[in-house]
Amino acid sequence: MKTRPSSLESVTCWRAKFMEAFFSHVLRGTIDVSSDRRLCDQRFSPLLHSSRHVRQLTICNMLQGATELVAEPNRRVLETLASSLHTLKFRHLLFSDVAAQQSLRQLLHQLIHHGAVSQVSLYSWPVPESALFILILTMSAGFWQPGPGGPPCRLCGEASRGRAPSRDEGSLLLGSRRPRRDAAERCAAALMASRRKSEAKQTARATPATRVTRRSTQESLIAGGTDPKRDLHPPATSYEAPGTKRPPSAPATTSSASASSSTSSSKRAPASSVPQPKPLKRFKRAAGKKGARTRQGSGAESEDLYDFVFIVAGEKEDGEEMEIGEVACGALDGSDPSCLGLPALEASQRFRSISTLELFTVPLSTEAALTLCHLLSSWVSLESLTLSYNGLGSNIFRLLDSLRALSGQAGCRLRALHLSDLFSPLPILELTRAIVRALPLLRVLSIRVDHPSQRDNPAVPGNAGPPSHIIGDEEIPENCLEQLEMGFPRGAQPAPLLCSVLKASGSLQQLSLDSATFASPQDFGLVLQTLKEYNLALKRLSFHDMNLADCQSEVLFLLQNLTLQEITFSFCRLFEKRPAQFLPEMVAAMKGNSTLKGLRLPGNRLGNAGLLALADVFSEDSSSSLCQLDISSNCIKPDGLLEFAKRLERWGRGAFGHLRLFQNWLDQDAVTAREAIRRLRATCHVVSDSWDSSQAFADYVSTM
């Protein structure tokens, strides 16, 4: 099949891996089944035969394979997948028609709600289609309503308690006698109800994009004693009358509300000065494709989805306008979900949901971010959340509010959060403090921001700062963090803020700091002292791309720590200054440390002299128990490696584990390098590569 598995993937069963790849190729049509008489046998189904081995399935482009899987001839295949499939991935999705989305709806219902899928991942979707993205999100969160004209679910019909409501029952959910559900359920109900109506029309004609005006909603996030509903909505709207039934689409009411709001706009409190990022412009679909549906859709669809789900402020302020779909709405403060005007969702519509959600390089519009936040606030089954380069911007405040609401839910299982982005309206340490304060039961937190926030630059006008309830000055309560990974933007970081997080993380076992810069070595020493006093359970410590040339005393302090089991100094310029004096001190500290098991020193220009000095760590008078050593990218030549191997043999040291030698200059003398590796393999497990050292000529010149 000409398929090469990823080198990062550990394959435990190659037969199952082959059958899984075979299933995907047959499903996509990249393998011609008709070319093999055995695969064409009517008594044999290639998809059914290999489906029981499929653990993860990838859907690409225009949802290829979804329609085939839900077809009646493949019913047994789908039933088998429902029990075997654990991970569902979407890659490089493009715009899809109504039929493909209806097939995907049925597929997700069977695999998630009635199946065993526990993880959904989306990769590389530069211009996400809002309707499709919201469909995947709501189905993953356990919400289900059958699409228009679609066949009824056989599994839902078998159990009356698990039956999904029919289309006619949707209006019953608006009754005032129904119990109020939380914001996530109300939002999901409105989204799916409007999607169902729009799909029923299936109109292909395009209408001019409806324009609505936007006013800033950041004021609702600032704790100031103002009523968000009073500030965001006019006094007389249909949403404010309790118990009043309102159909999904009411253009006249919306128009009157807009007129009323425009007359009273001068009496409103001014918007916050916090800068609002420009929303992503929505792209139109390419014309000329059959079955294509415009991004804006019909006017009725716009009224159903946006005018019904989100409360739109109709006045025009500062001349700012945005296309439909980028509507700013009220804050998710969790105080009164009914202010969103969303219908209640019956408990019978809530099915099994996934436990792991990953979004990689999927830009989130205002609409998509609000939907995600609403769903997260009650997604108690979610255990791991990954948001990587989604362009959240100021929506990070809504995300924090939803995570705080989720943490307050009984049975919340969220234990791992991975967050990375190009920019953040909050400095990374303040964002970390806010996350830890919102999720005290979190076990794993990985956070990365590539560029400084505007608040890092006080000269930026209008930098009023985030809401006070987000960053508060109060101390962080004790949390359950066990693993903390932080990737910093350029610029010096305030050590006291980092120390406050470390002091509250008494259970921390692993800490990783990437590209961290401190104002002085004393600040770095303050962080290390905090680790020694407050993080007694710390076992693994990693520093990457940090200039520690002036922090040699702090490095020795770490190497003398008798609680650490693994230390990583990756590209930290350790031996840039005073190598002749520092290396003996470093070796002496390591020889007296009996708890350190692993030392990783890639990219520190160790050279042959430094490698031979490290060999003394394994001498007879050493009490070191080091068993893993990484000396990759350290300008090591074959003759120095051979002498290192001879010293280990002379001291008679037993096998000490793993030795990593990637990207060293071993190609300069291949014969000597092979002899050195042969001798080393009698002592340890050697991992190396065939690297062309001519690529590192500039690095070589700098060390001459």
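Residues numbered from 1 in each chain as written. Predicted model: local features only at pLDDT ≥ 70, side-chain atom pairs only at ≥ 80, totals over all residues. Heavy atoms only, no water.

As recorded in an unreviewed UniProt entry, the protein goes by Leucine-rich repeat-containing protein 41 and comes from Acinonyx jubatus.

1. A few points about the overall build of the protein
Let me state the cut-off plainly: Numbering goes from the N terminus for both helices and strands, where a helix is a DSSP run of H or I of at least four residues and a strand is a run of E of at least two. Partly exposed describes any residue whose relative accessible area lies between the buried limit of under 20% and the exposed limit of over 50%, with all areas from a 1.4 Å probe on protein chains only and scaled to the type maximum. Only heavy atoms matter for contacts: two residues are in contact if any of them lie within 4.5 Å across the pair. Values of accessible area rely on a 1.4 Å probe in the Shrake-Rupley scheme; residue burial ignores everything except the protein chains shown.
From N to C terminus, the protein includes 23 helices and 17 strands. Taking all 704 residues of the protein together, 52% fall into the buried category. Here the analysis covers contacts within the protein between residues at least 6 apart in sequence; of these, 86% occur between residues at least 24 apart. Accessible surface computed for the protein: about 31800 Å², of which carbon and sulfur atoms make up 52%.

2. Some points on the packing of helix H4 (residues 75–84) against helix H5 (residues 98–113)
Rule in force here: Axis lines are fitted through C-alpha atoms, for helices just across the contact stretch, and the angle between N-to-C directions can take any value from 0 to 180 degrees. Between 65 and 115 degrees an angle is taken as roughly perpendicular, under 35 as roughly parallel, over 145 as roughly antiparallel, and anywhere else as oblique.
Here H4 crosses H5 at 45 degrees, and the two axes come no closer than 8 Å. On the basis of their axis angle, the class for H4 and H5 is oblique. Here Leu78, Glu79, Leu81 and Ala82 of H4 lie close against H5, whose contacting residues are Leu107, Gln110 and Leu111.

3. What about the side chain of Ser446?
Rule in force here: Under the rule applied, a polar contact is a pair of N or O atoms within 3.5 Å (in protein, one hydrogen donor and one hydrogen acceptor; residues adjacent in sequence only if both atoms are side-chain atoms).
Locating Ser446 in the fold gives a position in strand S9 (residues 444–449). Here Glu485 takes part through its side chain, which lies 3.5 Å from a polar atom of the side chain of Ser446. Residues contacting Ser446, with those up to four places away along its chain left out, are Leu417, His418, Leu419 and Glu485.

4. Considerations on the pairing of strand S13 (residues 566–570)
So the rule is basically this: Two strands make a pair as long as DSSP finds a minimum of two bridges between them. Note on handedness: a clockwise path from strand one over the helix to strand two, with the strands aimed away from the viewer, defines a right-handed crossover.
Within S13, five of the five residues are buried, which leaves it mostly tucked inside the rest of the structure. Bridge count between strand S12 (residues 540–544) and S13: five bridges; the pairing is parallel. Each bridged residue has a counterpart across the sheet, and for Phe543 the counterpart in S13 is Phe569. The β-α-β motif built from S12, the intervening helix H18 (residues 552–559) and the parallel element S13 has right-handed crossover chirality. Pairing analysis gives three bridges linking S13 to strand S14 (residues 598–600), with the strands arranged parallel. Counterpart to Glu566 in the pairing with S14 is Gly598. On the question of chirality, the crossover connecting S13 to the parallel S14 by way of helix H19 (residues 579–591) is right-handed.

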